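# Close look at the chain arrangement
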Amino acid sequence: MSKRRIKVMIVDDSALVRQVLGQMLDGIADIEVIAAAPDPIFAMAKMNKEWPDVITLDVEMPRMDGITFLKQIMSTRPTPVLICSSLTEKGATTTLQALQAGAAGIFTKPQLGVKDFLQASKQQFADAIREAAKANLKNLHALPLQKAQMTVPVEAVPLGAMAKTTERVIAIGTSTGGTLALEFVLSQLNKVSEGIVIVQHMPEKFTAAFAQRLNSICDIEVREAQHGDRIRPGLALIAPGGQHLSITRNGAYYQAVVKPGPAVNRHCPSVDVLFRSVAKVAGANAIGIIMTGMGDDGARGLLEMQQAGARTYAQDEASCVVFGMPKEAIKRGAADHVVSLAQVPAIIMKYSQ
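Structure report, in brief. Remember, it's a predicted structure, so these values are computed and weren't measured experimentally.

For the chain, the count of helices and strands is 13 helices and 14 strands. Taking 20 Å as the expected radius of gyration for a compact globule of 353 residues, we find that the chain reaches 20 Å, a close match to that expectation. Its C-alpha atoms put the chain at 65 × 45 × 40 Å along the principal axes. The proportion of buried residues among the 353 residues of the chain is 56%. For the chain, contacts bridging at least 24 residues in sequence account for 74% of all contacts bridging at least 6. Carbon and sulfur atoms provide 50% of the accessible area of the chain, an area that totals close to 15000 Å². Placing the 37 positive and 32 negative side-chain charges of the chain at their respective mean positions leaves the two points 2 Å apart.

The structure is reproduced here in structure tokens:
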């Protein structure tokens, strides 16, 4: 018996986008486009006849915007939603709102040359749909409740107690479901937390808006990494979309290295690039944490960190939105400990004492 196909609904006010996406996905064996609609009102009428496994959703549409539609879906019949957003600063801000509302992922499209871009991105788009279809939406919705019910069970350490002869680094890698997971973790840390470097799979322009949002709600400083930034306590640096983040040593300090490069494991930034640099430069003076995400990016790098003497952690399946990346790390024996997302803030703060 053949494997069941992923049923997809396309919701976009552009007739060109609907046509190109429909034709493109029709040629993929495990994906079936069951309907397309120019706005959420038409979409809901069609979905009531046949409910999709995944919805691809534009955010700026007539009659009802994508965010309002997304919230309706999540409150009535939670369904994986892949946001198709323009690669603009305005689009980045709106898309982050969609991720906060429960969208499973992002696929960006340019403002010009959309047809050629979509046709060239067939495999990436199909992979994004497969990734969204595997999302555990219960964990996306459980995060705000978990956060409201818990605090980090670690006492704050006076800043004077942080004087050390050796700097330390916390490296985190994540993908699908990672925006909410990172918000959950970082918003519970205080300013004595060791310096943190993060790769969250996300397109360019989106990482800056994401970092700004986290900075507005966290006690620690959170910003997009820039080349040469010192990694220091109380600061979390997020890899810019479209560029790799690694670290180097400059005297007694660690610094961020930000530069473009080819995709690694289909991603730029790549978790493996970050983790491998941390293994080489920091060794036992680091911990590595791999969290929710599709694929295997970061699994090899986490193993290299472990072999270099770092402590390594992988998020457990029960708390992941997608268990791909942690699962691959665990299969390779790269994780010293498998932990729930709820444990991660305390692990970081304990390490920082």
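Here the narrative resumes.
Throughout the structure, instances matching the rule amount to 16 salt bridges. For Arg 276, the salt bridge is made with Glu 304, and the minimal N-O distance between the two is 3.1 Å. With Arg 276 in helix H10 (residues 271–281) and Glu 304 in helix H11 (residues 299–307), this pair connects stretches of sequence that are 28 residues apart. What makes Arg 276 partly exposed here is its relative accessible area of 32%. Between Arg 332 and Glu 328 there is a salt bridge, with its nearest N and O atoms 3.2 Å apart. Taken together, the salt bridges that share partners define one network made up of Asp 30, Asp 127, Arg 130 and Arg 266.

Let's shift gears to the packing of aromatic side chains. Tallied over the entire structure, the rule returns 1 aromatic pair. Taken together, a centroid distance of 4.7 Å and an interplanar angle of 80° make the contact between Phe 107 and Phe 125 edge-to-face. Note that Phe 107 is positioned in strand E5 (residues 105–109) and Phe 125 in helix H6 (residues 122–133), a separation of 18 residues in sequence. The buried category is assigned to Phe 107, whose relative accessible area is 8%.

This next bit is on the nonpolar core. Residues Leu 57, Ile 172, Leu 186, Ile 196 and Ile 289 are the most contacted members of the largest nonpolar core, which totals 58 residues. The next biggest cluster of nonpolar side chains, apart from the first, holds 31 residues, and it includes Val 199, Leu 237, Val 278 and Ala 334.

Let us now look at the pairing of strand E2 (residues 31–37). In this structure, strand E1 (residues 6–11) lies alongside E2, joined through 6 bridges in parallel fashion. Bridge pairing links Ile 6 to Ile 31 in E2. Of the crossover connections in this fold, the one passing from E1 over helix H1 (residues 15–26) to the parallel E2 is right-handed.

This part covers the sheet that holds strand E13 (residues 311–315). Reading across the sheet, the 7 strands line up as E8-E9-E7-E6-E12-E13-E14 and stay open at both edges, with parallel pairing between neighbours. Both outer strands of the open sheet, strand E8 (221–224) and strand E14 (337–339), are each paired with one neighbouring strand and no more. On average, adjacent strands in this sheet sit at an angle of 20° to one another, irrespective of strand direction. As judged from the 6 bridges shared by strand E6 (residues 169–174) and strand E7 (residues 195–200), these two strands associate in the parallel manner. Looking at the pairing, Ile 170 lines up with Ile 196 of E7. Helix H8 (residues 178–186) contacts E6, E7, E8 and strand E9 (235–238) of the sheet and is inclined by roughly 165° relative to E7.

Within the element layout of this structure, Leu 235 appears in strand E9. For Leu 235, a relative accessible area of 2% translates into the label buried. On a C-alpha basis, the gap between Leu 235 and Asp 219 in space is 9.6 Å, while along the polypeptide they are 16 residues apart.

Before going further, it helps to examine the sheet that holds E5. Spatially, E2-E1-E3-E4-E5 is the arrangement adopted by the 5 strands of the open sheet, whose pairing is parallel. For this open sheet the edge positions go to E2 and E5, each flanked by a neighbour on one side alone. On average, adjacent strands in this sheet sit at an angle of 25° to one another, irrespective of strand direction. Along the sheet, helix H2 (residues 40–47) makes contact with E1, E2 and strand E3 (54–57), crossing E1 at roughly 155°.

When you tally the buried positions in helix H13 (residues 344–351), you get 7 out of 8 residues, the bulk of the element. Along H13, the residues that are buried comprise Val 344, Pro 345, Ala 346, Ile 347, Ile 348, Met 349 and Tyr 351.

Calculation criteria
Residues numbered from 1 in each chain as written. Predicted model: local features only at pLDDT ≥ 70, side-chain atom pairs only at ≥ 80, totals over all residues. Heavy atoms only, no water. Helix = DSSP H or I, 4+ residues; strand = E, 2+ residues; numbered from the N terminus. Rg over C-alpha atoms; globule rule 2.2 N^0.38 Å. Buried < 20%, exposed > 50% of the residue type's maximum accessible area, 1.4 Å probe, protein only. Contact = heavy atoms within 4.5 Å. Areas by Shrake-Rupley, 256 points an atom, 1.4 Å probe, with all protein chains shown as cover. Lys, Arg positive; Asp, Glu negative; His and termini not counted. Charge placed at Lys NZ, Arg CZ, Asp CG, Glu CD. Salt bridge = Lys/Arg side-chain N within 4 Å of Asp/Glu carboxyl O. Phe/Tyr/Trp six-rings, centres within 6.5 Å; stacked < 30°, edge-to-face > 60°. Core = buried A, V, L, I, M, F, W, Y, C linked by side-chain atoms within 4.5 Å. Pairing = 2+ DSSP bridges. Right-handed = clockwise from strand over helix to strand, strands pointing away. Axes fitted to C-alpha atoms, helices over the stretch in contact; angles between N-to-C directions.

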